[in-house]
Amino acid sequence: MKKSYIMAPGPTEVPPEVLIEGARPVIHHRTPQYRKILTEVIDGLKYVIQTANPVYIIVSSGTGAMEAAVANTVNPGDKVIVASIGNFGDRWEQIAKAYGANVIKISPEWGYAVKPEELKKALDENPDAVAVFTQLNETSTGVYNDIEKIGLLTKNHKALLVVDGISGVGAQPYYSDKWNVDITVVGSQKGFMIPPGLAFISVSEKAKKVIEANKSPKFYFDLKKYEKSAIKEKMPDTPFTSAVSLVTQLATALKLIKEETIEKVWERHRILARAVREAVIALGLTPFAKENPAVVLCSVVVPDGVDGKVLVKKIRDDYGISMAGGQGKLEGKIFRIGTLGYTDRFDPIIGIAATEMALKELGAKIEIGKGVKRAMEVLIEEKY
Ligand SMILES: Cc1ncc(COP(=O)(O)O)c(C=O)c1O
């Protein structure tokens, strides 16, 4: 028998209460019964995203909501600023280019966050830019951005602020409205603790006007259709067939988040990530993030003499724990230990123990037990 764990920054493990919900008979989506569930779910999403703006549910992975954000705000030839700090930031550039945008890219060395002064310069030099696209948490490098500071820069600029919160929202402090974010996109398989398949997108008044005027070709991702359904007969509906079972699972997951409170969810993630990071340092390994280390995962430089891909495979195949390797130019160079979503204090210990055992077997010069000891010390010191 082998017990399996997911310690990746998405998809994440799903609580039993939520799994059971997915096994219930499917109800029809055009019924008052379902629209009542949808009403509760949208209220819950607003709470997690911290917004009073409309939130639409799209049946797609997170990238679908990223594409919807671009397709509805960018016309061919428009100038946009992409503030990228990793692989997912580069995805904004790819999508924007696919829609014919003229992309101004600012991108510090991977491992660092967006420098607000660099973004300010780009905004000052490009008063005609229609949007700034960036990430709350860049999952590929394990670095988060200071969205509050970025929002202060876009607030009085023509450009909309579009934030990919796919891995960060529901895990780290985030105030969409207070921080002047126009569009937040999120996915279901991370902090929301349900399986992959849903994406959420919130839209400010400033963004709504841009969406109304947008001319890019689109159909399934046309947010005007979602807005029309959202206000139909004063009760939310969806423009296409809803992923009913995922939405009912989401209703349960949101109840769990509300019971815990979003502030305590953020605090739990901070503490678990700190335990992992300090354990990694105690083992003599190097976290990849040079600043703003993520609270949903810890990215770790693969030690000399170890093949990063073999390490991740060994932890998965021999120890049953799915962690993540490096992406793009970091492939084989880092590995990422996730503590995201349905996680608790023993998760860092399991993840670090497996890392130590696998590294030892692969010949790394580490003293086993040192990381686990440090993780336990942090978890005794910090209560949540
Ligand atoms: C920050 C970020 N953006 C975008 C994505 C892509 O989301 P999806 O794979 O759900 O399309 C991910 C997935 O890991 C992510 O972490």
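To be clear, the structure that these remarks concern was listed above.
Residues numbered from 1 in each chain as written. Predicted model: local features only at pLDDT ≥ 70, side-chain atom pairs only at ≥ 80, totals over all residues. Heavy atoms only, no water.

**Quick look at the pairing of strand β9 (residues 183-187)**
Convention followed: We call a residue buried when its accessible area falls under 20% of the maximum for its residue type, exposed when it is over 50%, and partly exposed in between, using a 1.4 Å probe and counting protein chains only. Helix numbering and strand numbering both begin at the N terminus, where a helix is a DSSP run of H or I of at least 4 residues and a strand a DSSP run of E of at least 2. By this definition, two strands are paired if DSSP reports at least two bridges between them.
When you tally the buried positions in β9, you get five out of five residues, the bulk of the element. Alternating residues of β9 divide into Ile-183, Val-185 and Gly-187 and Thr-184 and Val-186, and every residue in both groups is buried. Two elements, strand β8 (residues 160-164) and β9, share three bridges in a ladder whose sense is parallel. Residue pairing for β9: Asp-164 is matched across the bridge by Val-185.

**Re the packing of aromatic side chains**
Our working rule: Stacked, edge-to-face and tilted are the three classes for Phe, Tyr and Trp ring pairs, Trp counted by its six-membered ring, which pair at centre distances within 6.5 Å; planes under 30 degrees apart are stacked, over 60 edge-to-face, the rest tilted. Remark: a charge is flagged as sitting over a ring if the NZ atom of Lys or the CZ atom of Arg is within 6 Å of the ring centre and within 35 degrees of the ring normal.
Counting across every chain of the model gives 10 aromatic pairs. With a centroid separation of 6.3 Å and 40° between ring planes, the pair formed by Tyr-56 and Tyr-226 is classed as tilted. One end of the pair, Tyr-56, is in strand β2 (residues 55-59); the other, Tyr-226, is in helix α8 (residues 223-230), and 170 residues separate them in sequence. According to the relative accessible area criterion, Tyr-56 is buried, its value standing at 4%. When its relative accessible area of 5% is taken as the criterion, Tyr-226 is described as buried. Measuring from centroid to centroid gives 5.5 Å for Tyr-220 and Phe-221, while their planes differ by 65°, and the two rings are edge-to-face. By relative accessible area, which is 31% here, Tyr-220 ends up partly exposed. Three or more aromatic residues link up through ring pairs in this structure, and these residues are Tyr-56, Phe-219, Tyr-220, Phe-221, Tyr-226 and Phe-240. Cation over ring: Lys-290 sits above Phe-288, and NZ or CZ is 4.4 Å from the ring centre. The aromatic ring of Trp-110 is capped on one face by Lys-329, whose charged end is 4.3 Å from the ring centroid.

**As for helix α2 (residues 32-49)**
Cut-off, in case you're wondering: How far a helix is expected to stretch is found by multiplying one less than its residue total by 1.5 Å. Working rule for contacts: check all heavy atoms of both residues, and any pair within 4.5 Å makes them a contact.
If you check α2, its first and last C-alpha atoms are 25 Å apart, about what 18 residues at 1.5 Å a residue would give, namely 26 Å. When we look at burial in α2, the residues that qualify are Tyr-34, Arg-35, Ile-37, Leu-38, Val-41, Ile-42, Gly-44, Leu-45, Val-48 and Ile-49. Looking at the packing, one finds that the buried side of α2 touches β2, β9, β10 (198-203), α9 (244-260) and α10 (262-282).

Shape descriptors only; they carry no functional weight alone.
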